[in-house]
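# Observations on the three-dimensional arrangement
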Amino acid sequence: MPRKPPSKSPETSLQILFCTTESAPFSKVGGLADVSQALPAALTGLGAEVTVITPLYGSINRRDLPDSLKIIAQGTVSLGEYRERSFKILSAAVGSVTIWFVESAEYFARSGIYEDEHGFPFWDNGERYIFFQKVILAMVRRTHFHILHVNDHHTALLPVYLKTEAVKNPPKTVLTIHNIGYQGRYSPDILNLTGLGWAAFYPGGPLEFHGQTNFLKGGIIHADRVTTVSPSYASELLASPEISFGLDGVLRSLKMPLQGILNGVDYQVWSPEQDPLIPAHFSAENTAGKQTNRAALLARSGLPDLPGHALVGIISRLVDSKGFELLIPLEEELMTMPLQWTILGSGETRFEDLFRQWAERYPEKVAYHQGYDAALSHLIEAGADMFLMPSKYEACGLNQIYSLRYGTIPIVRQTGGLADTVQAWNGACGTGFNFQFYSPFALLQAINQALQVFRDKPAWHTLMHNAMSQDFSWERSARAYMEIYQELMK
Ligand code: ADP
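Residues numbered from 1 in each chain as written. Predicted model: local features only at pLDDT ≥ 70, side-chain atom pairs only at ≥ 80, totals over all residues. Heavy atoms only, no water.

## Notes on the nonpolar core
Counting 152 residues, the largest nonpolar core has L43, I89, I220, L327, L334 and W341 as its most contacted members. Considering every element that reaches this core, the biggest residue donor is helix α2 (residues 125-142), with 10 residues. Residue contributions to this core reach at least three from each of two domains, namely domain 1 (15-264 + 475-488) and domain 2 (288-471). Not counting residues up to four positions away in its chain, the partners in contact with L334 are L327, L339, W341, W358, L444 and I447. Counting 16 residues, the second-largest nonpolar core is a separate cluster that includes L311, F387, L418 and V422. (Core = buried A, V, L, I, M, F, W, Y, C linked by side-chain atoms within 4.5 Å. Buried < 20%, exposed > 50% of the residue type's maximum accessible area, 1.4 Å probe, protein only. Helix = DSSP H or I, 4+ residues; strand = E, 2+ residues; numbered from the N terminus. Domains from an automatic or database assignment. Contact = heavy atoms within 4.5 Å.)

Here it is in structure tokens:
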């Protein structure tokens, strides 16, 4: 297996292996994919050398892969006593970043990322990502990285391996929590596949949680640093067993406190001045093009242009944490208000059914686009007047930040990254509308407030201008990560 020698000395260049199960534009389920695309690139802008390692899923369109892709390594890893699985690493440069795709016929050559075509998680997800981590470990043993940056539970066992197995010059580890709702909880037998043994599995032990495994817990305990993706989410995780799904005590026990670093936005991809996926460009100084996008969005959604109505956009995974249950008791009220809705997303059947029924019952007011559609998501950002995110919890959230840049005023629940990025409108300052209590009534009040301001055109224009002038570029966040890496190298 070829070795990738460090091309520069540690003093001049930090070598980072960024481990992720999603990486845009190749594979994307949620915000992790956007972060895995933008943060490594921003880090290279600060002088680091970054390699991203990610699965080569069957769903990735082979035509989208870089032409320069070539096999740089292959081998096998063992899963338990009897299973030996082969892998290949295909490498290419994507801009300033090197990307390593892990190819495996058994585990990744499927059409879904985490779920099958019926929306059920693959039965062997635990095994798939243990395999992925063992491949990463094999690569770490043969190369030299200073930092291993792992993300969420799918790669959280890597710090455990590096602290418990003999690895020459082990890299330092940073674990970032993007969503603590998913922790890698499986039946204890799965430990047989990890090769880690049972020493860390006992009541209250690093890998045990209420009788199951908990890979994220193991990662939190063994990583050199733990971060999450917004300061408010960090505080909430430390304070609340509900929001931390029971891991608040573990997080409070860390020697180095959990740090919240707000995600940035890749303004190369998300800017109304240059977005190739929208019909008309516009800017904070000249918003005229927004009306063209609005008309295109109404047409694409099959909605009439109802005078005086605000067009509300939603783009989301339709899962419990996103708070759409709050809309259910508000149906009658909302449908009498001067609002139209264009909703893009898929997920739990109860929410898909809800929005499908709304679209059937109120064809002039609601359009529901089921599924995943990157191009439509840009049109919604560009064409809607308002954007709704009533999340129960939200680690950072990206769409509200995209919305700000497109002058699509966010209405958000004041939690996690939503609280850190949207400032309440007070008549002169502010960038959106928020509500605190997780209740339909509080949400309705925020929507009513937004509608009131929407009718006052000069105020709405100021609000749009404020929103569009916000800057959440990645550089500031990348600097915060660089500081952590550099501290770890001391
Ligand atoms: P999460 O990671 O919890 O899903 P984020 O707001 O951090 O939430 O990131 C979601 C990302 O996924 C955004 O870039 C959003 O535009 C995108 N997204 C979610 N659902 C869809 C969809 N149905 N079609 C297109 N993009 C989507």
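The structure having been displayed, the exposition proceeds.
## Focus on the environment of T421
Here T421 lies in helix α13 (residues 416-421). As for T421 and M482, which are separated by 61 residues in sequence, their C-alpha atoms are 22 Å apart. Dropping the residues within four chain positions of it, T421 is found in contact with L262, Q400, I401, L404, T431 and F472. A distance of 2.7 Å separates a polar atom in the side chain of T421 from the backbone oxygen of G417. (Polar contact = N/O pair within 3.5 Å; in protein donor to acceptor, adjacent residues only side chain to side chain.)

## Section: the site of the ligand
Around the ligand, the structure places 19 residues, and the nearest of them are K28, G31, R317, K322 and G371. Within the backbone of D373, one N or O atom sits 3.0 Å away from a nitrogen atom of the ligand. L398 places a main-chain nitrogen or oxygen 2.9 Å from an oxygen atom of the ligand. For the ligand, the protein covers 92% of the area, taking 560 Å² as the surface of the free molecule. Of all the secondary structure elements, the ones that give two or more residues to the shell around the ligand are α1 (31-45), β12 (310-318), β13 (339-347) and α12 (399-405). Broken down by element, the shell around the ligand gets its largest block of residues, 3 residues, from β12. Partitioning the shell around the ligand into residue classes produces 5 nonpolar, 8 polar and 6 charged. When residues of the shell around the ligand are sorted by domain, at least three fall in each of domain 1 (15-264 + 475-488) and domain 2 (288-471). (Near = heavy atom within 4 Å. Areas by Shrake-Rupley, 256 points an atom, 1.4 Å probe, with all protein chains shown as cover. Nonpolar A, V, L, I, M, F, W, Y, C, P; charged D, E, K, R; others polar.)

## A few points about helix α5 (residues 215-222)
In terms of burial, α5 is largely enclosed, as 7 of its 8 residues are buried. Turning to α5, its buried residues are F215, L216, K217, G218, G219, I220 and H222. Its side-chain oxygen placed 3.2 Å from the backbone nitrogen of L216, N214 serves as the N-cap of α5.

## Some thoughts on the pairing of strand β5 (residues 97-103)
Within a regular strand, side chains alternate between the sheet's two faces. Within β5, 5 of the 7 residues are buried, which leaves the element mostly enclosed by the surrounding structure. As paired elements, strand β2 (residues 49-55) and β5 share 5 bridges and run parallel to each other. Residue pairing across strands places T54 opposite F101, the latter belonging to β5. Alignment of strand β4 (residues 83-94) against β5, held across 7 bridges, turns out to be antiparallel. Bridged to I89 within β5 is V102. Where β4 folds back on β5, the antiparallel hairpin that results is connected by 2 residues, among which G95 adopts a positive phi of roughly 60 degrees. (Pairing = 2+ DSSP bridges.)

## Concerning empty space enclosed by the protein
Counted according to the given criterion, the structure contains 1 cavity of 30 Å³ or more. The calculated volume of the largest cavity comes to roughly 40 Å³. Lining the largest cavity, in full, are N125, G126, Y129, Q133, H153, H154, Y186 and F215. Counting residues per element, the lining of the largest cavity draws most heavily on α2, which supplies 4 residues. (1 Å grid on protein atoms, 1.4 Å probe; cavity = no way out; pocket = protein on both sides within 12 Å on 5 of 7 lines; lining within 4 Å. Points joined across faces, edges and corners; volume = space filled by probe spheres on them.)

## Brief notes about the packing of aromatic side chains
Taken as a whole and assessed by the stated rule, the structure comprises 23 aromatic pairs. Here the aromatic rings of Y107 and F131 are separated by 4.8 Å at their centres, their planes lie at 40 degrees, and the arrangement is tilted. Of this pair, Y107 sits in the loop between β5 and α2 while F131 sits in helix α2, and the two are 24 residues apart along the sequence. Like F131, Y107 is buried. With a centroid separation of 6.2 Å and 70 degrees between ring planes, the pair formed by W341 and W358 is classed as edge-to-face. Placement of the pair is W341 in strand β13 and W358 in helix α10 (residues 349-361), with a sequence separation of 17 residues. Look at W341 and you get buried, because its relative accessible area is 0%. (Phe/Tyr/Trp six-rings, centres within 6.5 Å; stacked < 30°, edge-to-face > 60°.)

## With respect to the domain arrangement of the protein chain
Quite often, the size of an interface is put as the accessible area lost when its parts meet. Assigned domains within the protein chain: domain 1 (15-264 + 475-488) and domain 2 (288-471). When each unit is reduced to the centre of its C-alpha atoms, the spacing between domain 1 and domain 2 is 32 Å. Taken together, the contact pairs 19 residues of domain 1 with 15 residues of domain 2. A buried area of about 1300 Å², summed over both sides, lies between domain 1 and domain 2, and 57% of it is on carbon and sulfur atoms. Inspection of the domain 1/domain 2 interface yields 0 salt bridges. Connecting domain 1 to domain 2 are 8 residue pairs in polar contact (both at pLDDT 80 or more). Residue assignment for the side of domain 1 that touches domain 2 shows that the elements contributing at least two residues are α1 and α6 (231-239). Counting residues per element, the side of domain 1 that touches domain 2 draws most heavily on α6, at 4 residues. When the residues that make up the side of domain 1 that touches domain 2 are grouped by side-chain class, the tally is 8 nonpolar, 8 polar and 3 charged. (Buried area = accessible area lost by both parts, 1.4 Å probe. Salt bridge = Lys/Arg side-chain N within 4 Å of Asp/Glu carboxyl O.)

## What to know about the packing of helix α8 (residues 289-301) against helix α11 (residues 374-383)
The interhelical angle for the contact between α8 and α11, taken along N-to-C directions, is 130 degrees, at an axis separation of 8 Å. As far as their axial angle goes, α11 and α8 are oblique. For the pair α8 and α11, the sense of crossing is left-handed. Residue-level inspection shows K290, N293, R294, A296, L297 and R300 of α8 in contact with α11, the latter providing L376, L379, I380, E381, A382 and G383. Classifying every residue of the contact of α8 with α11 by side-chain character gives 6 nonpolar, 2 polar and 4 charged. (Axes fitted to C-alpha atoms, helices over the stretch in contact; angles between N-to-C directions. Parallel < 35°, antiparallel > 145°, perpendicular 65-115°, else oblique. Left-handed = near helix turned anticlockwise from the far one by under 90°.)

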